[in-house]
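Chain and residue survey
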Amino acid sequence: MRFPILIKLVAGIVFAAGSALTNAQDYPNKPLRWVVPYPPGGGSDVIARTIGGQLSKQVGQPVIIENKPGAGTIIGAESVARSAPDGYTFMSGDNGTFVFNGALYKKLPYDPQRDFVPVTLIARFPLLLVANPGAGFTNAKDWLQKMKSAPGKYNYASVGAGSPHHLAMEMIKQKTGTFMVHIPYRGAGPAVQDVLAGQVPMMILDLATAMPHIKTGKLTALAVLSGKRLSLQPDVPTLKEVGLGDDEIYAWQGVVLPEGASREVVTRLNGELTKAIAAPEVAKKLTDFGVEPLSGSPEQMADYIRTETARWHALIKQRKLGLD
């Protein structure tokens, strides 16, 4: 009696394997859910909706953007980590999701590396050191001199504790031996408003958010944190040019699937996202918005996360920046 049972078991395994292959070949054959762990209207949301619209055209299926903000992207990340790894739910996360949170929190409801399968990097936000024009900084060298001459006198705003903007300033502080008081906000909106109003003199801000205020003269750009000057702000020097260190610091975005997603699905989604990002209208919209489009293989994204993890975990530990 055991032999027929064994035949059924083997047949079931073969059927399941064949079914999985068929599903991968047909993928996607129903709507896709793209989780964004930030509120609607922000930079991450704009990127997902811009790329998602093109992705939908390519695959012939709706791409539903689902915003799940909160707790430094933890709420959205946890929901995706617990989703079925069938390729129909994926997420775009950032430095915080995949790098910073692992060092900032003693306990996370998800593992940044074990619970996700990297698909591709999709974009990065150039960052700038900006100040209220009334704060009295004529340029970045003048800013550095004043920071060094008056430790603790100046405050700086951030879009949130543990954000790329916050940790970028912490990196500058470490490199230059300066001390400024961190004033964290819940999002870019209130932080920028207080800098515009002169309540806080300065902050690190991404190009997409800063550009409109720089154009109207309400913010002064002192330095860019990229490796070279930005085409949209060609007169603003880099950190290295003004003696603030030679680090390149970005807020970046990448797409992941839940752990367990098949290689075939990962490859298909990677190819479709790469194609969508390269579409001329998508690339132009992202560039005009102040974002640098990216792409690459799953392996390249995994390697980048490992490199960033080593770099930033060391800084967080040295500066004792844990959030628990």
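Residues numbered from 1 in each chain as written. Predicted model: local features only at pLDDT ≥ 70, side-chain atom pairs only at ≥ 80, totals over all residues. Heavy atoms only, no water.

1. Quick look at the pattern of salt bridges
Applying the stated criterion across every chain yields a total of 15 salt bridges. Notably, a salt bridge pairs Glu66 with Lys68, separated by 3.6 Å at the nearest N-O pair. Under the relative-accessibility criterion, Lys68 is labelled partly exposed at 25%. Residue Glu241 pairs with Arg229 through a salt bridge whose shortest N-O separation is 3.1 Å. With Glu241 in the loop between β8 (220-224) and β9 (250-258) and Arg229 in the loop between β8 and β9, this pair connects stretches of sequence that are 12 residues apart. Members of the salt-bridge network, linked through shared partners, are Arg33, Glu66 and Lys68. (Salt bridge = Lys/Arg side-chain N within 4 Å of Asp/Glu carboxyl O. Buried < 20%, exposed > 50% of the residue type's maximum accessible area, 1.4 Å probe, protein only. Helix = DSSP H or I, 4+ residues; strand = E, 2+ residues; numbered from the N terminus.)

2. Let's talk about the side chain of Asn132
For Asn132, the position within the fold is in the loop between β4 (116-131) and α5 (140-149). Of note is the side chain of Asn132, whose polar atom sits 2.7 Å from the backbone nitrogen of Gly134. The residues touching Asn132, leaving out its near neighbours within four places in the chain, are Val195, Leu196, Ala197, Gly198, Pro201, Lys218 and Leu219. (Polar contact = N/O pair within 3.5 Å; in protein donor to acceptor, adjacent residues only side chain to side chain. Contact = heavy atoms within 4.5 Å.)

3. What about the packing of aromatic side chains?
Scanning the model with the defined rule gives 8 aromatic pairs in all. Between Trp34 and Phe90, the aromatic rings sit 5.3 Å apart at their centres with planes inclined by 50°, giving tilted as the arrangement. One end of the pair, Trp34, is in strand β1 (residues 32-36); the other, Phe90, is in strand β3 (residues 89-94), with 56 residues separating them in the sequence. Take Trp34: its relative accessible area is 0%, and that puts it in the buried class. An aromatic cluster is defined as three or more aromatic residues linked by ring pairs; in this entry it consists of Phe98, Tyr110, Phe116, Trp252 and Tyr304. Taking the ring centre of Tyr88 as reference, the NZ or CZ of Lys30 above it sits at 4.7 Å. Above the face of the Tyr250 ring, Arg124 is positioned so that its terminal group lies 3.8 Å from the ring centre. (Phe/Tyr/Trp six-rings, centres within 6.5 Å; stacked < 30°, edge-to-face > 60°. Lys NZ or Arg CZ within 6 Å of the ring centre and 35° of its normal.)

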